[in-house]
Amino acid sequence: MNVLSLPPQTRTGADARHVIAACFLGWMMDACDFFIVLFTLDNVARSFATTLETILLAPTLTLISRPLGAYLFGRAADRYGRRPVLMATILTYSGIELLSAAAPTLGLFLALRLLFGVALGGEWGVGTSLTMETVPAHWRGMASGLLQAGYPAGYLLASLLFLLLPALGWRGLFVLGATSVVSVAYIALFVKESPVWLARRHAAHAAGKTARDAGGGSIRMLLRRHGPLVAYAVCLMTAFNFLSHGSQDLYPKIFLALQKNIPHPTITLIVVLYNLAAIAGGLCFGILSERIGRPRAMALAAGLALPLLPLWALSGSTAGIGLGAVLIQFCIQGAWGVVPAYLNELSPPDVRATFPGVAYQLGNLLAASTGLIENGIASHTGGNLAPAMMLVVGAAACGIITLALLNGRAHPTLLPASVPSGDPV
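As the structure is a computational prediction, the values presented were derived from the model and not from experiment.

**Quick word on the overall build of the protein**
Thinking step 1. The number of helices and strands found in the protein is 22 helices and zero strands.
Thinking step 2. In the protein, the proportion of contacts linking residues at least 24 apart, taken out of those at least 6 apart, comes to 85%.
Thinking step 3. Carbon and sulfur atoms make up 71% of the accessible area of the protein, which totals about 15,900 Å².

**Here's the deal with the pattern of salt bridges**
Thinking step 1. Scanning all chains against the criterion turns up nine salt bridges.
Thinking step 2. For Lys192, the salt bridge is made with Asp15, and the minimal N-O distance between the two is 3.6 Å. Of this pair, Lys192 sits in the loop between helix H10 (182-190) and helix H11 (195-206) while Asp15 sits in helix H1 (residues 13-39), placing them 177 residues apart in sequence.
Thinking step 3. In this structure Lys192 comes out as partly exposed when scored by relative accessible area, which is 47%.
Thinking step 4. Across the salt bridge formed by Asp78 and Arg75, the nearest N and O atoms sit 3.7 Å from each other. You can see Asp78 and its partner Arg75 sitting in helix H4 (residues 57-80), three residues apart, about one turn around the helix.
Thinking step 5. Looking at Asp78, the relative accessible area reads 1%, which means it is buried.
Thinking step 6. The class of Arg75 is buried, set by a relative accessible area of 5%.
Thinking step 7. Salt bridges sharing common partners tie together Arg75, Asp78, Arg82, Glu133 and Arg352.

**Here we look at unusual backbone geometry**
Thinking step 1. Residue Ala49 is not a glycine yet carries a positive backbone phi of 55 degrees.
Thinking step 2. Turning to its location among the elements, Ala49 is positioned in the loop between helix H2 (41-47) and helix H3 (52-55).

**Overview of the nonpolar core**
Thinking step 1. Counting residues in hydrophobic clusters, the biggest one holds 127 residues, and the most contacted among them are Phe109, Phe240, Tyr251 and Trp312.
Thinking step 2. For this core, the leading source of residues is H1, giving 15 residues.

**Let's talk about the confidence of the model for the protein**
Thinking step 1. Looking at the protein, pLDDT values average 86 and 89% of them are 70 or higher.
Thinking step 2. Taken together, the stretch residues 410-425 has pLDDT below 50 and engages in 38 contacts with residues farther than four places along the chain or on a different chain.

**Points about the packing of aromatic side chains**
Thinking step 1. Under the criterion given, the structure shown has 23 aromatic pairs.
Thinking step 2. Ring centres of Tyr93 and Phe116 lie 6.2 Å apart, and the angle between their planes is 70 degrees; this geometry places the pair in the edge-to-face category. Taken as a pair, Tyr93 in helix H5 (residues 82-101) and Phe116 in helix H6 (residues 106-134) lie far apart in primary sequence, 23 residues in all. By the burial criterion, Tyr93 is buried, and Phe116 matches it.
Thinking step 3. Taking the centre distance of 5.3 Å and the plane angle of 15 degrees together, the rings of Tyr251 and Trp312 count as stacked. Residue Tyr251 is located in helix H14 (residues 251-259), and its partner Trp312 is located in helix H17 (residues 309-314); the two are separated by 61 residues in the primary sequence.
Thinking step 4. According to the relative accessible area criterion, Tyr251 is buried, its value standing at 1%.
Thinking step 5. It is Arg113 that lies over the ring of Phe116; its NZ or CZ is 4.3 Å from the centre.

**Remarks on the packing of H6 against helix H20 (residues 355-366)**
Thinking step 1. Here H6 crosses H20 at 130 degrees, and the two axes come no closer than 7 Å. With respect to H20, the axis of H6 lies oblique. Here the hand of the crossing between H6 and H20 comes out right-handed. Contacts from Leu120, Gly121, Trp124 and Gly125 in H6 reach Pro356, Gly357, Tyr360 and Gln361 in H20.
Thinking step 2. Here the residues of the contact of H6 with H20 are counted per class, giving four nonpolar, four polar and no charged.

**Some words on the environment of Gly95**
Thinking step 1. Mapped onto the secondary structure, Gly95 falls in helix H5.
Thinking step 2. Judged by relative accessible area, Gly95 falls into the partly exposed class, the value being 29%.
Thinking step 3. Along the sequence, Gly95 and Gly177 sit 82 residues apart, while their C-alpha atoms lie 9.9 Å from each other.

About the criteria used
- Residues numbered from 1 in each chain as written.
- Predicted model: local features only at pLDDT ≥ 70, side-chain atom pairs only at ≥ 80, totals over all residues.
- Heavy atoms only, no water.
- Helix = DSSP H or I, 4+ residues; strand = E, 2+ residues; numbered from the N terminus.
- Contact = heavy atoms within 4.5 Å.
- Areas by Shrake-Rupley, 256 points an atom, 1.4 Å probe, with all protein chains shown as cover.
- Salt bridge = Lys/Arg side-chain N within 4 Å of Asp/Glu carboxyl O.
- Buried < 20%, exposed > 50% of the residue type's maximum accessible area, 1.4 Å probe, protein only.
- Core = buried A, V, L, I, M, F, W, Y, C linked by side-chain atoms within 4.5 Å.
- pLDDT = per-residue confidence, 0-100.
- Phe/Tyr/Trp six-rings, centres within 6.5 Å; stacked < 30°, edge-to-face > 60°.
- Lys NZ or Arg CZ within 6 Å of the ring centre and 35° of its normal.
- Axes fitted to C-alpha atoms, helices over the stretch in contact; angles between N-to-C directions.
- Parallel < 35°, antiparallel > 145°, perpendicular 65-115°, else oblique.
- Left-handed = near helix turned anticlockwise from the far one by under 90°.
- Nonpolar A, V, L, I, M, F, W, Y, C, P; charged D, E, K, R; others polar.

Here it is, written out as structure tokens:
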């Protein structure tokens, strides 16, 4: 399997810090908008006089359309530049969030959530490619962990905004979510285009190629040229998404609230603490990947989650459960913190805005049935969700370890051969 390292960059530390801040903010607000929907499903259902089962179509439609967004926005970014397309994704999901707040009918609301998934799928791949192609090579591990930390940060922000529900209602929370549009102004003022993309565009123009030619060709061409690489990345991201969805989706409301009968304020505290731990984990293992390599860092984080499974799911006390949740999310999101750098370093240069996002979102789509699988397993264990979560998360962690180390044996480190100059972090 061919690993294509990113070339050195020449941008200053200030440029790198601006792009990290902008892409972190975009991904955080993207995740926040998605979780606001999950937290207000029952309120939205009552507003449209429908059932909770019907309104569950909203997040399902969002997940289904994410791979399409990763492909469409990624191809646009490979052809026309990371910076303008990133701004377009943020403008799109902010506008859709605002329109969702004003949706007069259930049908229109669900249609808007389908379109929201397109923008949601596009933001991550474009943002990570812009970041990894701009920051100095020795910053990539830290930048990867910080960028991926935007997801638990968005989860945390949505949890805090949810406290305003009695005062604002679900429509007011959606309006607050739409304020993510301010990050577009930050990008316009302070973020520059990827130097790697600019160099490729100049080289393409010198060779007489069009933007379409420089963008890497069709998806069929990508599969023909890099089929094994695409299959590997999708399998890896499927395991990663089973890991995160299996540990998060049913955990707060179904496991903690309904099965363990833990009070809502305590659940909120546990959620806040494990999201803080997730942010710290992403940063720690992202930085560690600079020393031991991306595959080993991912495998280590996933491996450390395995012995924590009994504490996380089988503890008899609330304190034990909370401690288990904090520790296991530190490891799970620690493994995730390496993903942006790893996928971008694996990616063929001409599709670097497309390849990581499509692999991520296809993996997410393939793991979309995680909750159903866990519920199905629990139905055979007397309704006890703990063994089901342990089985799904444990299997996903083992899958990540196997896939990462299989590729890691051929490429024991993805550290660049030369470290470019740049301001210290």
